[in-house]
Amino acid sequence: LSPLLPLVADAEMLGAPDPELAATMGFSGFGKKARTFDLEAMFEQTRRTAVERSRKVLEAREREKEDETEKEFRIPCAEPSASASSATGAGSTLTGRETASSESEDSSSEELTGPSMQSQSSAKGPAEDTDDDDEFIGPPLPPGFKDSDDDNDNDDTEEEDNNPVKKIPDSHEITLQHGTKTVSALGLDPSGARLITGGYDYDVKFWDFAGMDASLQAFRSLQPCECHQIKSLQYSSTGDVILVVSGNSQAKVLDRDGFPVMECIKGDQYIVDMTNTKGHTAMLNSGCWHPKIKEEFLTCSNDGTVRTWDVNNEKKHKSVFKPRSIQGKRVIPTTCTYSRDGKLIAAGCQDGSIQIWDRNMSVHTKFHCRQAHASGTDTSCLTFSYDGTVLASRGGDDTLKIWDIRQFKKPLNSADGLPSFFPMTDCCFSPDDKILVTGTSVKKGGGSGKLFFFYRETFQKLYEIEVTDASVVRCLWHPKLNQIMVGTGNGLAKVYYDPVKSQRGAKLCVVKTKRKERQAETLTQDYIITPHALPMFREPRQRSTRKQLEKDRLDPLKSHKPEPPVAGAGRGGRVGTHGVTLSSYIVKNIALDKTDDSNPREAILRHAKEAEENPYWVAPAYAK
């Protein structure tokens, strides 16, 4: 209150003007009073806030003391004594604000109204204690409400726990048309806002769920690696950059909009020891980001190495891991991944082994299993469970296995009869870590590619989804969206979701109506503005596109429909597919249809009369 006192003094000085002073100074004629300050209200307000704050402090101290006394004595009568001691303490532990307020009250000779502070705090005490024991926040719930709601929730959760199939979000689906060739890579950013798809057609397409309408069109398409198939796409842990692994030896990093950030250096293929070359020298097989360090990523290649890289240094790898066969020879890693904490690096190799290194020690493996899958097959995917204890592997030998890396000799569970024709067929865990998902491949006309769901503990097949009449290559179950993305062998990317269990994602774009395309926009030509042109070259300014369009429609030349291209063999003087070369021009002219369908005898006799009257060729020669 000390800062307020000088203001109050000024207010008293400025308050009601002295009538004599006003008369002499000539103020009385205006009839306006100076603003008066209600000191009583001000003091009352400050006193209340001080009391409120001190009461909170006191209550906190009371609770602490009560807890201590309960621990020490455990006597029923401890509570009243504690409250009494705290009440007496209340008088002694006045804060500086309160003493100031009491002084100011004395100076302004105001009497306190209402109960004293001690009685207030003691009156509040028991109620506060009872609330504190139950730890309620907010107003109490109506009787019976809480129990019934909890029971329903418990029933639902129990039902879902007993039947994990109900957790699979597959009631609805949308289909994104990537192209016509295999979708070999899928990536979702951590927030689930954007999906990227890559395929055997070299294209990478960007899909934005929030910006897309029901027509489901990609907002960007590019070919980051010219004529190389896309093997893997992944957003970094922060979602600001994308790792692109293609069929060449240099991995690329793009930003969110597809602009290049860095490209790894190509190694020297004439150096025998792969540790001494700066980058990969053969085709890449797979790659992924470090889950914790946002600048680090991992790639594996046909040159028999697994390398880690830093986004900020494209000139050289960070470290090299060299998988070895049981004879100590070089072996090609077909897939690689980090553990969930980023401390381990795992690689599946062509000799059927799975080899795991400590990220900081690249020479010897920390764990390895030699006969994880059949030798000579491509292990297409390795993935760690969310709890980090279990590793799942998808083999080229048509199996899916699950391993505890601490006992790496034999798998915990295994499922077979899951055909896989692609070197990137993958598997993934559900967000709750209880279900394992993988896709199967089919030959053309050999039925439908399916998505299989296995229970992690028992490896019992829970569920299957018939996706399409082609292979299922990629699958991805996003933990935030609770939606399943699937890449297929016929160029589709499917998104499975449930309107109730899933969040955002595909739900955002299916509700938007398709934008109607205005025809005027598609048919008009661009108007070239040339302000400094001579009058004879200046184009008349177009007033309205629609009027111009109506005029063009009436003009027979402008609205003439062009001839459709000739399919198959040429006819009517048009060759099916001819270019602009001389030979094609000659062929075109040879093929002109010059046949005369009329009767040849009539055609000759048509000239008989004229030849008789005016002989020119034959008759004059035989005249003599």
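Residues numbered from 1 in each chain as written. Predicted model: local features only at pLDDT ≥ 70, side-chain atom pairs only at ≥ 80, totals over all residues. Heavy atoms only, no water.

In the nomenclature of an unreviewed UniProt entry, the chain is known as WD repeat-containing protein 70 of Tachuris rubrigastra. UniProt lists a comment for the chain under the heading Sequence similarities (unreviewed entry), and it reads "Belongs to the WD repeat GAD-1 family." (UniProt positions renumbered as here; feature names shortened; annotations may be inferred.)

I'd like a rundown of the overall build of the chain, residues and numbers included.
Secondary structure assignment for the chain yields 14 helices and 28 strands. The buried share of the chain, reckoned over its 624 residues, is 38%. Counting contacts in the chain only where the partners sit at least 6 residues apart, residues at least 24 apart contribute 50% of the total. Of the roughly 37,900 Å² of accessible surface on the chain, 53% is carried by carbon and sulfur atoms. (Helix = DSSP H or I, 4+ residues; strand = E, 2+ residues; numbered from the N terminus. Buried < 20%, exposed > 50% of the residue type's maximum accessible area, 1.4 Å probe, protein only. Contact = heavy atoms within 4.5 Å. Areas by Shrake-Rupley, 256 points an atom, 1.4 Å probe, with all protein chains shown as cover.)

So, the side chain of Asp201: which residues are in play, and what are the values?
For Asp201, the location among the structural elements is in the loop between β3 (194–199) and β4 (204–208). Summary of buried charges: Asp201 has no salt-bridge partner, and the nearest side chain of opposite charge, Lys205, is 6.0 Å away. A polar contact of 3.3 Å, which involves the side chain of Asp201, links it to the side chain of His178. In contact with Asp201, other than residues within four places in its own chain, are His178, Gly179, Lys181 and Gln223. (Lys, Arg positive; Asp, Glu negative; His and termini not counted. Salt bridge = Lys/Arg side-chain N within 4 Å of Asp/Glu carboxyl O. Polar contact = N/O pair within 3.5 Å; in protein donor to acceptor, adjacent residues only side chain to side chain.)

For the sheet that holds strand β19 (residues 390–394), give the residues involved together with the corresponding values.
Strand order in the open sheet formed by 4 strands is β18-β19-β20-β21, and the pairing between neighbours is antiparallel. Every other strand in the sheet has two partners, leaving β18 (381–384) and β21 (413–415) as the edge strands with one partner each. Averaged over all pairs of adjacent strands, the angle between their axes in this sheet comes to 15 degrees, without regard to strand direction. Taken together, the 3 bridges between strand β20 (residues 400–404) and β21 define a ladder with antiparallel strand orientation. Looking at the pairing, Lys401 lines up with Ser414 of β21. (Pairing = 2+ DSSP bridges. Axes fitted to C-alpha atoms, helices over the stretch in contact; angles between N-to-C directions.)

If you had to explain the pairing of strand β27 (residues 483–488) to someone new, which residues and values would you point to?
Among the 6 residues that make up β27, 6 are buried, leaving the element largely enclosed by the rest of the structure. Of the two faces of β27, both are covered, the one formed by Gln483, Met485 and Gly487 as well as the one formed by Ile484, Val486 and Thr488. Two strands pair when backbone bridges link them, and strand β26 (residues 472–478) and β27 are joined in this way by 6 bridges, in the antiparallel orientation. In the sheet register, Trp477 faces β27, and the bridge partner there is Ile484. Counted between consecutive antiparallel strands, the loop separating β26 from β27 contains 4 residues, among which Asn482 sits at a positive phi close to 55 degrees. As defined by bridge partners, β27 adjoins strand β28 (residues 492–497) across 4 bridges and the pair is classed as antiparallel. Paired with Val486 across the bridge in β28 is Lys494. With antiparallel pairing between neighbouring strands as the criterion, β27 and β28 make up a hairpin whose turn holds 3 residues, including Gly491 at a positive phi of roughly 85 degrees.

Run through the side chain of Ser325, naming residues and quoting values.
Examined against the element boundaries, Ser325 turns out to sit in the loop between β13 (319–321) and β14 (333–338). Ser325 gets classed as buried once you look at its relative accessible area, which sits at 12%. In this structure, Ser325 is in contact with Val331, Asp351 and Arg370, ignoring residues within four places of it in sequence.

Go over the pattern of salt bridges, please, and point to the residues and values.
Proximity of charged atoms lets side chains of opposite charge pair with each other. Inspection of the entire model under this criterion finds 22 salt bridges. Ionic pairing is found between Arg55 and Glu59, a salt bridge with its closest N-O pair at 2.6 Å. One end of the pair is Arg55 and the other is Glu59, both in helix α3 (residues 39–73) and 4 residues apart, which spans about a single turn. As far as burial versus exposure is concerned, Arg55 and Glu59 are alike and both buried. Sharing partners across several salt bridges, the network here consists of Arg194, Asp208, Arg220 and Asp257.

Residue-level account of a negative patch on the surface, with values.
On the surface, a cluster of negative charge is made up of Glu64, Asp67, Glu68 and Glu70. Inspection of the secondary structure puts Glu64 in helix α3. (Patch = residues over 30% accessible without salt bridge, like charges linked within 9 Å, V, L, I, M, F, W, Y side chains within 5 Å. Charge placed at Lys NZ, Arg CZ, Asp CG, Glu CD.)

Before we move on, can you summarise the nonpolar core with the specific residues and values?
Of all hydrophobic cores here, the largest spans 18 residues; its most connected members are Ile174, Leu176, Leu195, Phe209 and Met485. Elements with a minimum of two residues in this core: β1 (172–177), β2 (183–188), β28 and α8 (506–510). What Met485 contacts, discounting residues up to four positions off in sequence, is Leu186, Leu188, Leu195, Phe209, Arg474, Cys475, Leu476, Lys494 and Val495. In terms of nonpolar packing, the next biggest core, distinct from the first, is built from 15 residues, Ile168, Cys428, Val472 and Cys475 among them. (Core = buried A, V, L, I, M, F, W, Y, C linked by side-chain atoms within 4.5 Å.)

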